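What follows is each chain in one-letter form.
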Amino acid sequence: MIGSKDEKLKLELKELIIEECDKDIEAEEISDNEILFGSDSKLELDSMDALQISMALHKKYGIDANDSKKLRKIMASINTLADYIQPE
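Reference entry: report on the structure contained in this document.

Definitions and cut-offs
- Residues numbered from 1 in each chain as written.
- Predicted model: local features only at pLDDT ≥ 70, side-chain atom pairs only at ≥ 80, totals over all residues.
- Heavy atoms only, no water.
- Helix = DSSP H or I, 4+ residues; strand = E, 2+ residues; numbered from the N terminus.
- Rg over C-alpha atoms; globule rule 2.2 N^0.38 Å.
- Buried < 20%, exposed > 50% of the residue type's maximum accessible area, 1.4 Å probe, protein only.
- Contact = heavy atoms within 4.5 Å.
- Patch = residues over 30% accessible without salt bridge, like charges linked within 9 Å, V, L, I, M, F, W, Y side chains within 5 Å.
- Areas by Shrake-Rupley, 256 points an atom, 1.4 Å probe, with all protein chains shown as cover.
- Salt bridge = Lys/Arg side-chain N within 4 Å of Asp/Glu carboxyl O.
- Lys, Arg positive; Asp, Glu negative; His and termini not counted.
- Charge placed at Lys NZ, Arg CZ, Asp CG, Glu CD.

## A closer look at the overall build of the protein
In terms of regular secondary structure, the protein is built from four helices and zero strands. Helices and strands appear in the protein in the N-to-C order α-α-α-α. On C-alpha atoms alone, the protein measures out to a radius of gyration of 12 Å, which is about the 12 Å that the 2.2 N^0.38 rule sets for 88 residues. Sorting the 88 residues of the protein into buried and exposed places 41% on the buried side. In the protein, once contacts between residues fewer than 6 apart in sequence are set aside, the share between residues at least 24 apart is 57%.

Encoded structure:
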């Protein structure tokens, strides 16, 4: 998996999440391994945010994840998301 090694991609993903979910945080404040959803998340993203993010990912990267369990795994952290987008 090389996506998690691509700093530019990870920054793009952080900025996409901030923009789509209207969060007042800087991209640099989001850790690459940080949990994005749930009560342990500093971003406090919820299911509506997941929908917004998934639509933006589809538009920008062509990701088509309709399975909510698969989407949950893909969007666990910035690193898992980057690895899914850029696996090799």
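## Some thoughts on a negative patch on the surface
Judged by side-chain charge, Glu-15, Glu-19, Asp-22, Asp-24, Glu-26, Glu-28 and Glu-29 come together as a negatively charged surface patch. Relative to the elements of secondary structure, Asp-22 occurs in the loop between helix H1 (7-21) and helix H2 (47-61). For Asp-22, a relative accessible area of 69% corresponds to the exposed category.

These results come straight from atomic positions and should not be treated as a statement about function.
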